[in-house]
Amino acid sequence: MKHPSDDDLILFFYGEAEDAEAIRRQLEASPELRARYETLREVLEAVDDGPVPERGESYGAAIWARLQPRLPERRKPAGWGSFSLDLRWAFAGLAAALLLVAGFVAGRLWPRPEARVAEGTDGRERILLAAVADHLQRSERLLAEVANAGTADTAVLDAERAWAQDLLAANRLYRQSTRQGGRPRLAALLDELEPFLLELANSPLEPTGGELEDLRRRVEEQALLFKVRVVGERLDQQQTL
Amino acid sequence: MERDETRIVERARAGDGEAFRELVERHGSRVFRLAWRLTGDEETAEDAVQETFLRAYRSLGRFDGRSGFGTWLHRIAVNVSYEILRQRERRDDRGEGPIDLPSPEPGPDRRALSVEVERTVRSAMADLSPLERTAFVLRHFEGRSISEICDQLGLRPSAGKQAIFRAVRKLRRVLEPLVQTVRSHEASQ
């Protein structure tokens, strides 16, 4: 057998050399080859040094808590699942209309937050809220695009994926900042938005029509677009006061 | 255990949410470990865990039971992590900079060298391309054969081998001087 190359030694280290016995004999016979192999072995063993971050016993439960709201409904043999598609859309439309009315009424009855902003907000909070308002408006445009897209055009999906990646990083930052800044409801909305951004950001390069349809359906069912729009507009108005 | 899991998978396929939750709890840590090795970043690994279970849930109907559920999940986790790495690379190409890898705090003096090795390993791993990193992690940490790796990533055998060779060469370039320092340090004691 020819003198083993570094690549042969790598395969030998992993137990995948074609002629392991011949390499073993050459290693025994050649101190120079043995030294080369020893260095390779030490390097590869050093790669084992990094400890994996610990996850506690309740980690599975923590995954589930974050995952469960994102899981699509399983079709049941009776009840909602047995409705015709048209009827289900009618129900969804009715729910959206009720939500709209509820949002309007709540907006009229609840104390207007801008008073609090005007009184107690310092410069940093103003900057944060302006940034969140801008973030929500950009997220709204993305969600609208997803909700209205008719086909799975690869170029469009690529652009949406890149867009979602940008928004995802910002969303995490704003979610933490708003929570720390005593804005739990705003943080909750960003929390709700995050799984959608995450899913879009990590969507397969060629998603199936079913996957896209599922995403659109969930955007609609959770009235996410509507919520993001309303809160984004409100924040924007606060900034211009 | 295996037959028990088969029953749980069957229940999950039939729409039993509690059964799927049990699968998540059984396999969550293992999926995280794999995703962390592949992505090198805790937050990204957490995203990959979520995405893996979400895809598994949606695809349960297509799980034919020929392999174990854990093996099937492993495949999904590898593909999800690989996609995330590729997206991260594209983002880095757009000049947005890589995700910062947290480096461990320096320990006491006697640990300083091994901390340095650990930091260098992480940094060298972060410099691998998505394909090199995925192939190397699967071979080195997960003990998958090259043919399994090629099958999983849809590569020709020569391409899989070359990805691993390139990864080892890159790691060697930065780690070899350190390994030699460690060796001479140990010899002097």
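Quantities reported herein were computed from a predicted structural model and do not represent experimental measurements. (Residues numbered from 1 in each chain as written. Chains lettered and ligands numbered in written order. Predicted model: local features only at pLDDT ≥ 70, side-chain atom pairs only at ≥ 80, totals over all residues. Heavy atoms only, no water.)

Peer 1: Quick rundown of the packing of aromatic side chains? Include the residues and the values.
Peer 2: Under the criterion given, the structure shown has 10 aromatic pairs over all chains. Considering the side-chain rings of F13 of chain A and Y14 of chain A, the 5.0 Å spacing of their centres and the 80 degrees angle between planes classify their relative orientation as edge-to-face. Exposure remark for F13 of chain A: the relative accessible area of 22% places this residue in the partly exposed category. You can call Y14 of chain A buried: its relative accessible area is 12%. The interplanar angle of 85 degrees and the centroid separation of 6.5 Å between the aromatic rings of F20 of chain B and F53 of chain B together place this pair among those described as edge-to-face. Residue F20 of chain B is located in helix α2 (residues 17-39), and its partner F53 of chain B is located in helix α3 (residues 42-59); the two are separated by 33 residues in the primary sequence. Pair check on accessibility: F20 of chain B and F53 of chain B agree, each one buried. Put simply, the rings of W64 of chain A together with F20, F53 and Y57 of chain B touch in pairs and so form one group of aromatic residues. In this structure, R37 of chain B is placed above the aromatic ring of F141 of chain B, and the distance from its NZ or CZ to the ring centre is 4.1 Å. (Phe/Tyr/Trp six-rings, centres within 6.5 Å; stacked < 30°, edge-to-face > 60°. Buried < 20%, exposed > 50% of the residue type's maximum accessible area, 1.4 Å probe, protein only. Helix = DSSP H or I, 4+ residues; strand = E, 2+ residues; numbered from the N terminus. Lys NZ or Arg CZ within 6 Å of the ring centre and 35° of its normal.)

Peer 1: Pulling in residues and values, what's your account of the packing of helix α6 (residues 130-140) of chain B against helix α7 (residues 146-153) of chain B?
Peer 2: All names here are of chain B. Between α6 and α7, the least distance of the axes is 9 Å, while the angle of their chain directions is 135 degrees. The orientation of α6 with respect to α7, classified from their angle, is oblique. By crossing handedness, the relation of α6 to α7 is classed as right-handed. Contact residues: α6 offers L131, T134, A135, L138 and R139, while α7 offers I146, I149 and L153. Considering only residue class, the contact of α6 with α7 consists of 6 nonpolar, 1 polar and 1 charged. (Axes fitted to C-alpha atoms, helices over the stretch in contact; angles between N-to-C directions. Parallel < 35°, antiparallel > 145°, perpendicular 65-115°, else oblique. Left-handed = near helix turned anticlockwise from the far one by under 90°. Contact = heavy atoms within 4.5 Å. Nonpolar A, V, L, I, M, F, W, Y, C, P; charged D, E, K, R; others polar.)

Peer 1: Before we move on, can you summarise the pattern of salt bridges with the specific residues and values?
Peer 2: Under the definition given, this model contains 37 salt bridges over all chains. Where E46 of chain B meets R55 of chain A, a salt bridge forms, and the shortest distance between an N and an O atom there is 2.9 Å. Highlighted residues: E46 of chain B in helix α3 and R55 of chain A in the loop between α3 (31-46) and α4 (59-67), drawn from two different chains. Overall, the relative accessible area of 18% leaves E46 of chain B in the buried class. Using a relative accessible area of 22% as the deciding quantity, one classes R55 of chain A as partly exposed. Among the ionic pairs, E51 of chain B bridges to R55 of chain B, the shortest N-O distance being 3.3 Å. Within this pair, E51 of chain B and its partner R55 of chain B are both found in helix α3, separated by 4 residues, close to a single helical turn. When its relative accessible area of 2% is taken as the criterion, E51 of chain B is described as buried. On the basis of relative accessible area, R55 of chain B is assigned to the buried category, the value being 13%. Each of R66, R172, R175, R179, D191 and E194 of chain A together with E43 and D47 of chain B takes part in salt bridges that share partners, so that together they form one network. (Salt bridge = Lys/Arg side-chain N within 4 Å of Asp/Glu carboxyl O.)

Any functional reading would require information that these geometric values do not contain.
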